[in-house]
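# Architecture and fold: a report
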Amino acid sequence: MAVVLGIESTAHTASVGIVNEEARVLGMASDMYRPAAGGIHPREAANHHVELFPDLVARALAAAEVAPRDIAAVAFSQGPGLGPCLRAGATVARTLAQVWELPLVPVNHCVAHVEIARILSGLDDPVLLYASGGNTQVIVHGAGRYRVLGETLDIGIGNFLDKLWIALGGTFPGGPALEAEALRGTELLPLPYSVHGMDVAFSGMLTAALALHRQGSPLADVAYSVECTAYSMLVEITERALAHRSRKDVVLGGGVACNERLRGMVRAMVESRGGRVFAPPRSLCVDNGAMIGWTGLLALRAGGAVPIEASGILPRQRTDLVPTPWRADRP
Ligand code: ATP
Ligand code: FE2
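Just so it is clear, the model here is predicted, and its values are computed rather than measured.

### A closer look at the overall build of the chain
- What the chain contains, in helices and strands, is 10 helices and 12 strands.
- Projected onto its principal axes, the C-alpha coordinates of the chain cover approximately 60 × 50 × 30 Å.
- The buried share among the 331 residues of the chain stands at 56%.
- Sequence separation of 24 or more characterises 76% of the internal contacts of the chain that already satisfy a separation of 6 or more.
- Just so you have it, the chain exposes about 13400 Å², and 54% of that area is on carbon and sulfur atoms.
- Taken as two groups, the 28 positive and 31 negative side-chain charges of the chain have centres that lie 4 Å from each other.

### Some thoughts on the side chain of T13
- Its location among the elements puts T13 in strand β2 (residues 13-20).
- On the basis of relative accessibility, which here comes to 7%, the residue T13 falls in the buried class.
- Reaching out from T13, the side chain makes a polar contact with the side chain of H12 at a distance of 2.7 Å.
- Not counting residues within four places of it along the chain, the set of residues in contact with T13 comprises E8, S30, D31, M32, H49 and D287.

### Describing the coordination of the iron ion (ligand 2)
- Of the protein atoms, only H109 (NE2), H113 (NE2) and D287 (OD) coordinate the iron ion (ligand 2), at distances of 2.0 to 2.2 Å.
- All donors to the iron ion (ligand 2) come from one chain, and their sequence spacing reads H-x3-H-x173-D. Of this pair, H109 sits in helix α3 (residues 109-121) while D287 sits in the loop between α9 (282-285) and α10 (289-301), placing them 178 residues apart in sequence. Accessibility classification places H109 together with D287 in one group, the buried group.

### Some points on the domain arrangement of the chain
- When its domains are assigned, the chain resolves into domain 1 (3-113 + 284-321) and domain 2 (124-275).
- Here the C-alpha centroids of domain 1 and domain 2 sit 27 Å apart.
- For the domain 1 and domain 2 pair, buried surface summed over both sides reaches about 1400 Å², with 64% attributable to carbon and sulfur atoms.
- A per-residue breakdown of the area domain 1 buries against domain 2 is headed by C285, T319 and D320, which together make up 34% of the total.
- Between domain 1 and domain 2 we count 1 salt bridge in total.
- The partner of E151 in a salt bridge is R318, and the shortest N-O contact between them spans 3.1 Å.
- Applying the counting criterion to the domain 1 and domain 2 interface returns 4 residue pairs in polar contact (both at pLDDT 80 or more).
- Of the residues forming the side of domain 1 that touches domain 2, the biggest block, 4 residues, is contributed by α3.
- Looking at the side of domain 1 that touches domain 2 residue by residue, the class counts come to 10 nonpolar, 6 polar and 3 charged.

### Thoughts on the nonpolar core
- If you look at the biggest cluster of nonpolar residues, it comprises 48 residues, and the most contacted ones within it are I157, F160, F202, V226, L234 and V266.
- When residues of this core are traced back to their parent elements, those giving at least two are β6 (127-131), β7 (136-142), α4 (157-167), α5 (174-182), α6 (203-214), α7 (219-244), β11 (250-253) and α8 (260-272).
- Broken down by element, the residue count for this core peaks at 13 residues, all from α7.
- Excluding its chain neighbours within four sequence positions, the residues that come into contact with V266 are L129, V235, V250, L252 and V277.
- Among the nonpolar cores identified, the runner-up in size contains 26 residues, and A14, V66, A97 and L102 belong to it.

### A look at the site of ligand 1
- In the neighbourhood of ligand 1, 25 residues make up the surrounding shell, with Y130, S132, N135, D162 and D287 lying closest.
- Here an oxygen atom of ligand 1 and a side-chain polar atom of H109 are 2.9 Å apart.
- Within the side chain of S132, an N or O atom sits 2.5 Å from an oxygen atom of ligand 1.
- Protein burial of ligand 1: of its 650 Å² of free accessible surface, 93% is covered by the chains.

### Here we look at the sheet that holds β7
- With mixed pairing, the 5 strands of this open sheet are ordered in space as β8-β7-β6-β11-β12. Edge positions in the open sheet fall to β8 (145-151) and β12 (277-278), since each of these has one partner strand only.
- Strand direction decides the pairing type here: β6 and β11, joined by 4 bridges, are parallel. Bridge pairing in β11 places V127 opposite V250.

### A look at the side chain of H49
- Counting through the fold element by element, H49 comes out in helix α1 (residues 42-64).
- Residue classification places H49 among the buried residues on the basis of a relative accessible area of 0%.
- At a separation of 2.9 Å, a polar atom in the side chain of H49 contacts the side chain of H48.

### Let's talk about unusual backbone geometry
- Put simply, G79 and P80 share a cis peptide bond, and its omega is -5°.
- The amide bond that connects F172 to the next residue, P173, takes the cis arrangement and shows omega of -5°.
- In this fold, P173 is placed in the loop between α4 and α5.
- One non-glycine residue, A23, lies in the positive phi region at around 60°.
- The residue A23 is located in the loop between β2 and β3 (25-32) in this model.

Conventions used here
- Residues numbered from 1 in each chain as written.
- Chains lettered and ligands numbered in written order.
- Predicted model: local features only at pLDDT ≥ 70, side-chain atom pairs only at ≥ 80, totals over all residues.
- Heavy atoms only, no water.
- Helix = DSSP H or I, 4+ residues; strand = E, 2+ residues; numbered from the N terminus.
- Buried < 20%, exposed > 50% of the residue type's maximum accessible area, 1.4 Å probe, protein only.
- Contact = heavy atoms within 4.5 Å.
- Areas by Shrake-Rupley, 256 points an atom, 1.4 Å probe, with all protein chains shown as cover.
- Lys, Arg positive; Asp, Glu negative; His and termini not counted.
- Charge placed at Lys NZ, Arg CZ, Asp CG, Glu CD.
- Polar contact = N/O pair within 3.5 Å; in protein donor to acceptor, adjacent residues only side chain to side chain.
- Donors = N, O, S within 2.8 Å, 3.2 Å for Na, K, Ca; no water.
- Domains from an automatic or database assignment.
- Buried area = accessible area lost by both parts, 1.4 Å probe.
- Salt bridge = Lys/Arg side-chain N within 4 Å of Asp/Glu carboxyl O.
- Nonpolar A, V, L, I, M, F, W, Y, C, P; charged D, E, K, R; others polar.
- Core = buried A, V, L, I, M, F, W, Y, C linked by side-chain atoms within 4.5 Å.
- Near = heavy atom within 4 Å.
- Pairing = 2+ DSSP bridges.

What follows is the structure, given as structure tokens:
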């Protein structure tokens, strides 16, 4: 059975995952760069990745109990992401592919979030809500690609939560901390609800939430209101995609899909329409090498290996620019 090693390094997380053809994670080793204060510094994050990758590769191989000769290909995140971080992972992937004499397979990071969630869900053709640090997209597959029906017009929802939490005096990542704080909130405070057709925006809510806190609203109520308002916006555009594309099922992906309130709100909407909903386990929602390995395996089968000269990073590569030759269209 073919086994692929995937390398993830688009932003804060360096990760190596080894998966087989059943999308089983045979071994994975990850480490997240956590800035002491403020947001991610790209070069510092890249240095973190460079330092850790040798150990992560060794640990993933040991956990998977496979030797390099058992591996069919090396896959890596080609984009989108922070240039220095992407370059660190791509360099490791090229080196391993050369030394082990294996095919090298570039993978789009967003498509990987979507593909790992889709295979684990067992749902064939769902609407995908991809909510992560840098991205917020409602996605449906069609005509050989993932099509973005709606997305954020400014910052990704995870970056919004992180920025808010850091401005309130916390540290990165903000999403999980804000979730814990929101559990203690009781009062729903008014915040800008910014849905434009199929798109959403968060920067107005960031300003308004900080103003509420400055004016004396309890932190727990601010956190609770931000979660309720922001996640309602995502539920609205996801429901509109279901209605207009005649779909019933929803799959969640990306780091913010770890959030229990978001999971619950999406579930309530989908089940009220008679559909099914799925979110991967947390370790496969956040950035991880296994999703890159799995998508690399799909791409490898469809002829997606490239020579080293064609393996340059693509920091701005969009989800809807990537052909998906491994996936048939719905008849
Ligand atoms: P992208 O996939 O767009 O490149 P990324 O790679 O930075 O973004 P992920 O690792 O997929 O993002 O997700 C990280 C984000 O998920 C962070 O912004 C973090 O705050 C958020 N996050 C993680 N857990 C939770 C949670 N329980 N609730 C809300 N947000 C969360
Ligand atoms: Fe991600």
